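# Coordinate analysis (summary)
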Amino acid sequence: MFEVKFPSVGESITTGVLGLWSKQAGEYVHAGDSIGEIETDKVTSEVFAEVSGAFTPSVAEGDEIEVGQVIGTIDESAEAPAASEKPAAEPVPETKAPAPASKGGAGITHDDRQGKEAAPAPAATSAGPQVDKVATMSPAVRTLVEEHGLDPAAITASGKGGRLLKSDVLTAVAEGKKLNVAVASGGVSNGAPVPAGTTGERTTRKKMTPLRKRIAQRLVSAQQEAALLTTFNEVDMSSVMRLRKQFQDRFVAKHEIKLGFMSFFVKAVIYALK
């Protein structure tokens, strides 16, 4: 039984939080596969399987762990599953092939059949990863989905292999806000339902990630330790005001410019420097 431990990610990092597991309990993993993500106060790093076998997690998502702690085990004696899943997926287009064939009786439409057979393929592949969207979401994407109360299965994924990206969630949030504005103004024309979790004000309380916690600590310490003050120096300018008023007309007639206060400030600085 091979033990999966929290690897060292830096000298100053001693603890972290298990963000998510990429593999489920009992699932067979190969050496080099990513099995989970660990969040620290500086970086989010992936944990990779060093050996092949059946994976069993020892800690739950969101638990705080220490460097060197055993977070899971891999049973190297477990046999790899038979590669029977891929052939089962291949006959799917073949079963749908007779449907377009019944529409056109000519044998020349063989190429057209291939084009029509390929059309249902994206629907099948898009339906397949729907279950994997939640399991393959990164911590940042998972946070966005939970904050806005969105359903991952209802969001169109543009990532590789049906993976949900941060841009996909932001697009869904933007569309939900536009729909809310239309509902508030009474301008919904298509009768489209408002997505759940996008209406009204709400508050969500959740445990802070190590990175957010460290940022909050730095902000609070900056407010407590930094000197935030303003200094005022008052000067009696009554004599300068009288002198400026006395010579203002004569100064403008001679130099064609008004006598400002900067001349007096410069004169005072010269005397101070001397």
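Here goes a summary of the coordinates provided. (Residues numbered from 1 in each chain as written. Predicted model: local features only at pLDDT ≥ 70, side-chain atom pairs only at ≥ 80, totals over all residues. Heavy atoms only, no water.)

## Considerations on the overall build of the chain
When helices and strands are tallied, the chain shows 11 helices and 8 strands. Relative to all contacts within the chain whose residues are 6 or more apart in sequence, the contacts with residues 24 or more apart total 52%. When the accessible surface of the chain is totalled, it reaches about 19,400 Å², and 56% of it is carbon and sulfur. (Helix = DSSP H or I, 4+ residues; strand = E, 2+ residues; numbered from the N terminus. Contact = heavy atoms within 4.5 Å. Areas by Shrake-Rupley, 256 points an atom, 1.4 Å probe, with all protein chains shown as cover.)

## Section: the nonpolar core
In this structure, Ile35, Ile38, Ile71 and Ile74 are the most contacted members of the largest nonpolar core, which totals 15 residues. Elements with a contribution of two residues or more to this core: strand E2 (15-21), strand E4 (34-39) and strand E8 (70-75). For isoleucine 71, the residues in contact, after removing those within four places along its chain, are Val4, Lys5, Phe6, Trp21, Ile38, Val47, Pro57, Ser58, Val59 and Ile65. (Core = buried A, V, L, I, M, F, W, Y, C linked by side-chain atoms within 4.5 Å. Buried < 20%, exposed > 50% of the residue type's maximum accessible area, 1.4 Å probe, protein only.)

## A closer look at the pattern of salt bridges
Applying the stated criterion across every chain, the model contains 1 salt bridge. When the shortest N-O distance is used, the salt bridge between lysine 23 and glutamate 27 registers 4.0 Å. (Salt bridge = Lys/Arg side-chain N within 4 Å of Asp/Glu carboxyl O.)

## Examining the sheet that holds strand E1 (residues 2-5)
Pairing is antiparallel in the open sheet, where 4 strands are placed in the order E1-E8-E6-E3. Among the strands making up the open sheet, the edge pair consists of E1 and strand E3 (28-29). Relative to strand E6 (residues 53-57), E3 is paired through 2 bridges, and the arrangement is antiparallel. Bridging across to E6, valine 29 finds its partner in glycine 53. (Pairing = 2+ DSSP bridges.)

## Some words on the packing of aromatic side chains
The description of an aromatic ring pair rests on the distance of the ring centres and on the angle between the ring planes. Tallying each qualifying case throughout the model produces 1 aromatic pair. Just above the ring of phenylalanine 261 sits the side chain of arginine 244; from NZ or CZ to the centre is 4.7 Å. (Phe/Tyr/Trp six-rings, centres within 6.5 Å; stacked < 30°, edge-to-face > 60°. Lys NZ or Arg CZ within 6 Å of the ring centre and 35° of its normal.)

## Quick look at the sheet that holds E2
In spatial order, the strands read E5-E4-E2-E7; together these 4 strands make up an open sheet with antiparallel pairing. Unpaired on one side and paired on the other, strand E5 (44-48) and strand E7 (64-66) mark the two borders of the sheet. Along the sheet, successive strands turn relative to each other by an average axial angle of 40°, direction set aside. Taken together, the 3 bridges between E2 and E7 define a ladder with antiparallel strand orientation. Bridge pairing in E7 places threonine 15 opposite glutamate 66. (Axes fitted to C-alpha atoms, helices over the stretch in contact; angles between N-to-C directions.)

## Focus on the side chain of threonine 40
With respect to the helices and strands, the residue threonine 40 is situated in the loop between E4 and E5. When residues no more than four places from it in sequence are discounted, the contact partners of threonine 40 are Phe6, Val9, Ile13, Thr15, Gly16, Pro210 and Leu211.

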